[in-house]
Structures are given as C-alpha cells and as structure tokens.
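Secondary and tertiary structure notes
The residues making up each chain are set out below.
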Number of protein chains: 2
Amino acid sequence: MLVKQKAKYIQTLGQKKFREQEGAFIAEGPKLVKELLEENAAAIIEIYAVKDWIVENEKLLAKKDVTEVTDGELEKISQLTTPNKVLAIVRQFDNDGDIDVKGRITLVLDGIQDPGNMGSIIRIADWFGIAQIICSNDSADIYNPKVVQATMGSIARVKIFYTDLEEWLAGQKDIRIYATALEGQDVTGMKKLNEGIIIIGNESRGISEAVLKLTNVKITIPKKGKAESLNAAVAAGIVLGYVV
Amino acid sequence: MLVKQKAKYIQTLGQKKFREQEGAFIAEGPKLVKELLEENAAAIIEIYAVKDWIVENEKLLAKKDVTEVTDGELEKISQLTTPNKVLAIVRQFDNDGDIDVKGRITLVLDGIQDPGNMGSIIRIADWFGIAQIICSNDSADIYNPKVVQATMGSIARVKIFYTDLEEWLAGQKDIRIYATALEGQDVTGMKKLNEGIIIIGNESRGISEAVLKLTNVKITIPKKGKAESLNAAVAAGIVLGYVV
C-alpha cells in the first residue's frame, strides 16, 4: 500500500509543475544516490532501496532512514525502464544566493532544450571544475528525470540558477562575456581564462540576438570538414577544454 | 492504400533485422534529405514529401521521382513524433571497400551503445573532416533512426565500417594507435596529428582490455573538477579538437 501511494507520488514528480510545487525531484541508481549522499545528504528526503544496496552502503547512509523494498516494489516506484537498486526523493537545491562571477569561469546556457544535452553540459562543467551555471528561463528543467540521469551525479555539485538572461547579462560589468558562435575568434588559439562568462546557445537557433548584443567576444571552433554545426554539449566540451 | 502499405514497410525498417534484409534505412526531415540529395542522391530509393517541400527543392530533386503526400499521409508513414515535410527510403551505403589508414586520422569506436552518442560522434567526425570511422561489431547500428537523426546529415559523408576490432587493429602496422582513457598522456599538450588511429570506448566500461593491449599511447583529457568521466561523444569532440 505504501509502495502504491509512493509510486503515484513519484509519478507526479515526473511533471515540472508538481516538482516545483513539492520542491523535490527523483534520483535513481547507485551512482547518483551515492554522489548525493556524499555531497549533499541533507537534501535527501527519502530513500527506497533493495537489501543488498543498503548493506553495501551502510557507512555512507550513516543515520539516514532507508525504506527497504523488494525488486518487485522498486519496479513499481521506479521511473526507469530498468530499475537500479535505489531511488531517492530529493529536495531541490537552494540556488537563490548571489551569483559571483569574479575570479572564476561561469557557464551560461541560452535556451538549451534537450534534457540529454542539459545533463551532459552539467557533467562537463563538473569535469572542468566550473561551479556555477546560469540558465535562461526557457532552458530545460534540471530536475527533469532525464537531465538528472544524464548528469551522472554532477547535479549534486554544480550550482545552477535560472534567470532573465538579458537583464542579468546587462548587469555584469568589468568581466568579459564570450559567445560561442559559428563565426568568431578561433578558440584553439585562446589562452586559458581566469575569469569570464561563456555562453552556449540553443541547439538550433544558437544564441539569441538580444543576448548576443550583450557579449564582448565571439569564439568559434574551427571547422575542417562539412558538418554544419556541432551538438551543443560537444561544443561546450571543446570550448571549455581550451579555455579552462 | 499506398500510404498504408508504405507505413507498414517503413515501420519494419525500424528494426535492424529488416533494415539488413532490405539493405535500406529511413531518413526524415528537410535537412537530412537535402544533404543526402547533395552528397549521395543515387542512394535514395524513394521520397515522400508535402507539396511545399517539393516546390522549394525542385532544382535539387532534378529528375528524382517524388511522391507527393498530404500532411495527414506523411503523419501515417513518419516515425517522428513531429513529422517534418519529407521522408526518404535510402539504400545502405556500400562500405565494403578497403580501409586505408595512411596519411589520415581514423576514428575507431569500441562498443558505443547509445544511438545519440553514435550519431553525435559521426557529426563530430564530419565537422573535423574525418572521413572514416571503424566500429566494433557490437557498436550501435548507424542505420538506427535515432542515429540517423542525430548525425544531422553527416551520415551521408562519413564512411563507416563494422569489423572485428581486435583482428583489424592487430593488422595495423606502422601507424600509431591512440586510446582515449581516464589516465594517460595529456591531450592538451599534444601536437596536431597527420595520421593515426584514435579509439573511443564504450560509455560505461571504456575501451576493452583486449583492444587496449593493441594500442601504442593512452591519451586523456585533464580533469579539473569532480565528475568521474565525460560523455563519450563529448570526449571524442574534445580529443579531436586537439589532435586534428
């Protein structure tokens, strides 16, 4: 009965409206839940796990309450096609604090739509030690289950803010703002940056005109073949590989 | 009636078994079909398109036969959630020729499973002017509709071969074989390569032990943060950004 009710509740968290209302999201699988326990255990509201996972992670769980479930019960509450040992209901992170761009690289996403790209970019930021990402309000929701999965745990470490991008960028003074574009300065010739704002645009339309006007430098990845463009996450990875 | 039969036939091409049996695959949307018409029109077996697309592409179509369909008919034959003006049935490319690795960069994929990654990597290769990709036999099928879509047309330009990777690599003499790994030589310090074989591994297990033994140099992308790994396509993009 508990599982049935819970399955219904978890189902609702598949929708953004309910996630916002509840201030929660779902994280599944040993890797993701382990990283959350290590980085931000306080955010975990509930854990449902099979016995062997609980035994294996006894230390990490410390005094966290866990509800033991059978494989069959996990299947009922899981949103994955192949349920993976553990499911956690997690409190959405408090990212209302000040955004400080001084002395660091800040990644900005202007309308990234694909959840896989969004998750992949969060993972890239985490790989390169970028601590914060600013998203335009029309970007994909980071608590979308597909985004959460694609971050491979990095969602627990990178701070992500949503804001009116034009307004926010207009307020950034004394810092260089770089726009990734199909034409611009060759990124492979750039020096490593100590600070700066780097903008990645939407998958098909790129960076919007209004945002582009607020940037200082356009940077580009030199093309040697014939593809018209690169996937947004791949472009983010290549650019950060050069400048971070 | 024609549309109904065709819809059934196209449906079967969603399965690898039938694609192989028919030696065909499906390409949808103006961008993809346009690139196929430009690069490899002879491979196109049939085109179904709405009127405005046909009018717009009259020149490109030359003497190619096109069946005009209504939006409703296109919806019936399309495999996309949002049908997009045109659908083509395409002959699988003849990639049985010799694989020549001299004087060029060859990309090798060892067990890439995710269709999105596979498509994205083909697009990256095309961006960097890499003309051929060798895939292990257990890699995702490039004619999978999700792969085809994710290549954004690059599938028409990059030659892709499937082979027994261990056997093939064992036969490569006088050429350097680079394995991308979590530890190895820092790729950011490498010079551009004129020739070489670069291997990208499976999304979770990386490059298999047997394949790794056949390589000369391990290369890695330096990590500055905490993510355990990068998405396979992103890693391919960063590595090629440095060495091509």
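Quantities reported herein were computed from a predicted structural model and do not represent experimental measurements.

Glancing now at the overall build of chain A. Helix and strand counts for chain A stand at eleven helices and ten strands. Relative to the globule expectation of 18 Å for 244 residues, the C-alpha radius of gyration of chain A, 20 Å, shows essentially globular dimensions. Reported as C-alpha extents along the three principal axes, the dimensions of chain A are approximately 60 × 40 × 35 Å. The buried share of chain A, reckoned over its 244 residues, is 43%. Residue pairs in contact within chain A that sit at least 24 positions apart in sequence constitute 77% of those at least 6 positions apart.

Contacts between the two partners involve 27 residues from chain B, matched on the other side by 28 residues from chain A. Elements that contribute at least two residues to the side of chain B that touches chain A include exactly helix H7 (115–127) and helix H11 (232–243) of chain B. A per-element tally of the side of chain B that touches chain A places H7 of chain B first, with six residues.

Let us look at the sheet that holds strand S5 (residues 105–110) of chain B. Residues and elements named next belong to chain B. Overall, parallel pairing links the six strands, which are arranged S7-S6-S5-S9-S8-S10 in an open sheet. Whereas interior strands pair on both sides, the edge strands pair on one side only; in this sheet they are strand S7 (159–163) and strand S10 (217–220). Adjacent strand axes in the sheet meet at a mean angle of 35° when their direction is disregarded. Pairing of S5 with strand S9 (residues 196–201) involves six bridges; the strand directions are parallel. The residue bridging valine 108 from the neighbouring strand is isoleucine 199, located in S9. The sheet contacts of H11 involve strand S8 (177–186), S9 and S10, and relative to S9 the element is tilted by about 160°.

Right, let's get into the packing of H7 of chain B against H11 of chain B. Residues and elements named next belong to chain B. Axis separation between H7 and H11 bottoms out at 8 Å; the angle between their running directions is 15°. Considering their axes alone, H7 and H11 lie roughly parallel with respect to each other. For the pair H7 and H11, the crossing hand works out as right-handed. Across from Asn117, Ser120, Ile121 and Ile124 in H7, the residues of H11 making contact are Ala232, Ala233, Ala236, Gly237 and Leu240. Grouping the amino acids of the contact of H7 with H11 by side-chain chemistry returns six nonpolar, three polar and no charged.

In this section: the nonpolar core. Core analysis: the biggest nonpolar cluster contains 146 residues, and Ile121, Ile124 and Val239 of chain A together with Ile121, Ile124 and Val239 of chain B have the highest contact counts within it. In this structure valine 239 of chain A touches Thr180, Val187, Ile198, Ile219 and Ile221 of chain A, once residues within four positions along its chain are discounted.

All names here are of chain A. Along its sequence, chain A is carved into domain 1 (2–91) and domain 2 (105–243). With centres defined by C-alpha atoms, the gap from domain 1 to domain 2 works out at 30 Å. Listed as interface residues are 13 residues of domain 1 and, on the opposing side, eight residues of domain 2. At six residues, the largest contribution of residues to the side of domain 1 that touches domain 2 is made by helix H3 (residues 30–40).

Our next topic: the relation of the copies chain B and chain A. With an RMSD of 0.0 Å, the fit of chain B onto chain A corresponds to turning through 180° and sliding 0.0 Å along the axis. Put plainly, the chains are arranged around a two-fold axis. Looking at the interface residues of chain B, 100% of them are also at the interface in chain A, so both copies use one shared face.

What follows is about the sheet that holds strand S9 (residues 196–201) of chain A. Two orientations exist for strands paired in a sheet by backbone hydrogen bonds: parallel and antiparallel. All names here are of chain A. Strand order in the open sheet formed by six strands is S7-S6-S5-S9-S8-S10, with parallel pairing between adjacent strands. Every interior strand has two partners, whereas the edge strands, strand S7 (159–163) and strand S10 (217–220), have only one. Along the sheet, successive strands turn relative to each other by an average axial angle of 35°, direction set aside. Strand direction decides the pairing type here: strand S5 (residues 105–110) and strand S6 (residues 132–136), joined by three bridges, are parallel. The partner of leucine 109 across the bridge, within S6, is cysteine 135. Against the sheet, helix H11 (residues 232–243) makes contact with strand S8 (177–186), S9 and S10, and its axis sits at roughly 160° relative to S9, the strand it touches most.

The rules behind these values
- Residues numbered from 1 in each chain as written.
- Chains lettered and ligands numbered in written order.
- Predicted model: local features only at pLDDT ≥ 70, side-chain atom pairs only at ≥ 80, totals over all residues.
- Helix = DSSP H or I, 4+ residues; strand = E, 2+ residues; numbered from the N terminus.
- Rg over C-alpha atoms; globule rule 2.2 N^0.38 Å.
- Buried ≥ 20, exposed ≤ 12 C-beta atoms within 10 Å, placed from the backbone.
- Contact = placed C-beta atoms within 7 Å.
- Pairing = 2+ DSSP bridges.
- Axes fitted to C-alpha atoms, helices over the stretch in contact; angles between N-to-C directions.
- Parallel < 35°, antiparallel > 145°, perpendicular 65-115°, else oblique.
- Left-handed = near helix turned anticlockwise from the far one by under 90°.
- Nonpolar A, V, L, I, M, F, W, Y, C, P; charged D, E, K, R; others polar.
- Core = buried A, V, L, I, M, F, W, Y, C linked by C-beta atoms within 7 Å.
- Domains from an automatic or database assignment.
- Least-squares fit on C-alpha atoms with pLDDT ≥ 70 in both.

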